[in-house]
Amino acid sequence: MTSGSTSPLTRDPGATAAPAASPAPVPPGASRVAAIDCGTNSIRLLVADVDPQAGTLVDLDRRMEVVRLGQGVDRTGRLAPEALARTLDAARRYAQVIDDLGATRTRFVATSATRDAENRDEFVAGVLDALGVEPEVVSGEEEAALSFRGATSTVAAVRPGPYVVVDLGGGSTELVLGTTTPDAAYSMDVGCVRMTERHLRSDPPTPEEEAAARADVRAALDDAARVVPLGRAATLVGLAGSVTTVTAHALGLARYDRDRINGSVLPVDTVLAACDDLLHRTRAERTALGFMHPGRVDVIGAGALVWSEVVRRVRDDVAAAGGTLTEVVTSEHDILDGIAWSLA
């Protein structure tokens, strides 16, 4: 994968429309907050009114841009200058949205790519200049806890715990087990960008590349399972762009539809078939899919591979523990929601 595979900043087709010139008043008891999640592949913004007493979070603006901050980090250990430039350009646009909507508190969370980079101080200084807040380079465990809170804020009302929540990102994948709060969490250095750069260089991937990638993911899951007892899961919940894209494919959507994807419950076999199909398509065939974000075309094969391995492992560990896992839940509520709740 080269930097040329990333188009100029691309807007999430499911994002909220641009904010109005005059923001709506903040409801009584609520706080207007801005949450930013900057990962290996994308940077995302949520501006919301959060009322902790009522237990409500109302979106005002939710958007995503693919900036590929983690371009080459797995190989070089540094954030590339062009990747930094793309990310800071997006941060400046987000600052305008935050000002327009009148958010009073902002939290910027940076995850896998920034944790791994030798020159992350350049990133921190650039974000501080663009937004006036210092980015928090959080640990994998805190990332997992924020994702868990965001996902279970809606899933817990309709599905039984314990939950295994999986946040599949560009550079890392977080697994967290819990019911009302996390009991165990683990961050794997496995994600759609990292696996693409390490292994899946052909179009479509060769059997040898696929086998090497699967071996890498399975070894990481072996380590994760020593910390997170996956077999205790009553409900498996998947988050983030790779998972939601697989779900869109499994649902046969003509275009990306956040409302259809959020909360969808699919049989395990349906999820695995959708993963296998996306992995083995060419990039041109993926581009033709109406729900496919252009910034995910070159990495969704690896994302689908990682998700398939996680789903299989959780299913098998639940069976080994005497239970049955037949379905997978997808949530559009994730670390962004968790960050917003943390500000309330």
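Residues numbered from 1 in each chain as written. Predicted model: local features only at pLDDT ≥ 70, side-chain atom pairs only at ≥ 80, totals over all residues. Heavy atoms only, no water.

A few words now on the overall build of the chain. For the chain, the helix and strand inventory stands at 13 helices and twelve strands. The C-alpha atoms of the chain give a radius of gyration of 19 Å, which matches the 20 Å a tight globule of 344 residues would have. When its C-alpha atoms are laid out on the principal axes, the chain stretches across 50 × 45 × 40 Å. Partitioning the contacts of the chain with sequence separation of at least 6, the portion at a separation of at least 24 is 71%. Put simply, the chain shows about 13,100 Å² of open surface, and 49% of that area lies on carbon and sulfur atoms. If you average the places of the 34 positive and of the 48 negative side-chain charges in the chain, the two averages end up 1 Å apart. (Helix = DSSP H or I, 4+ residues; strand = E, 2+ residues; numbered from the N terminus. Rg over C-alpha atoms; globule rule 2.2 N^0.38 Å. Contact = heavy atoms within 4.5 Å. Areas by Shrake-Rupley, 256 points an atom, 1.4 Å probe, with all protein chains shown as cover. Lys, Arg positive; Asp, Glu negative; His and termini not counted. Charge placed at Lys NZ, Arg CZ, Asp CG, Glu CD.)

Time to look at the domain arrangement of the chain. Per the domain assignment, the segments of the chain are domain 1 (31–137) and domain 2 (140–339). Counting residues at the interface gives 25 residues for domain 1 and 26 residues for domain 2. Taken over both partners, the interface formed by domain 1 and domain 2 buries close to 2,000 Å², and the fraction arising from carbon and sulfur atoms is 49%. Our count for the contact surface shared by domain 1 and domain 2 stands at seven residue pairs in polar contact (both at pLDDT 80 or more). Broken down by element, the side of domain 1 that touches domain 2 gets its largest block of residues, five residues, from strand E4 (residues 56–66). Here the side of domain 1 that touches domain 2 is composed, by residue class, of nine nonpolar, seven polar and nine charged. (Domains from an automatic or database assignment. Buried area = accessible area lost by both parts, 1.4 Å probe. Polar contact = N/O pair within 3.5 Å; in protein donor to acceptor, adjacent residues only side chain to side chain. Nonpolar A, V, L, I, M, F, W, Y, C, P; charged D, E, K, R; others polar.)

Here Arg194 lies in helix H6 (residues 192–198). Taking relative accessible area as the criterion, Arg194 reaches 9% and is therefore assigned buried. For the pair formed by Arg194 and Val47, sequence separation is 147 residues and the distance between their alpha carbons is 29 Å. (Buried < 20%, exposed > 50% of the residue type's maximum accessible area, 1.4 Å probe, protein only.)

Turning next to the pairing of strand E3 (residues 42–51). As a general feature of sheets, a regular strand has side chains that alternate between the two faces. Within E3, ten of the ten residues are buried, which leaves it mostly tucked inside the rest of the structure. Alternating positions in E3 separate into two faces, Ser42, Arg44, Leu46, Ala48 and Val50 on one and Ile43, Leu45, Val47, Asp49 and Asp51 on the other, with burial throughout. Where strand E2 (residues 31–38) lies against E3, eight bridges are found, and the strand directions are antiparallel. Note that in E3 the partner of Asp37 across the bridge is Arg44. Between E2 and the antiparallel strand that follows it, E3, lie three residues. Here ten bridges tie E3 to E4, and the two strands are oriented antiparallel to one another. (Pairing = 2+ DSSP bridges.)

Attention now goes to the nonpolar core. In terms of nonpolar packing, the biggest core is built from 49 residues, with Leu236 and Trp307 touching the most fellow members. If you tally residues by element for this core, the top one is helix H12 (residues 300–320), at ten residues. Setting aside its immediate chain neighbours within four residues, Leu236 contacts Val164, Val166, Trp307, Val311, Val314, Leu325, Val328 and Val329. Among the nonpolar cores identified, the runner-up in size contains 28 residues, and Leu69, Ala90, Tyr94 and Ala95 belong to it. (Core = buried A, V, L, I, M, F, W, Y, C linked by side-chain atoms within 4.5 Å.)

Counting buried positions along helix H8 (residues 241–251) yields nine of eleven residues, so the element is predominantly enclosed. Residues of H8 that are buried include every one of Gly241, Ser242, Val243, Thr244, Thr245, Val246, Thr247, Ala248 and His249, and no others.

Glancing now at unusual backbone geometry. Going from Gly161 to Pro162, the amide bond is cis rather than trans, its omega being 0°. Mapped onto the secondary structure, Pro162 falls in the loop between helix H5 (140–155) and strand E7 (163–168). The omega torsion across Asp203 and Pro204 is -5°, close enough to zero to call that bond cis. The phi angle at Arg68 is positive, at roughly 50°, despite the residue not being glycine.

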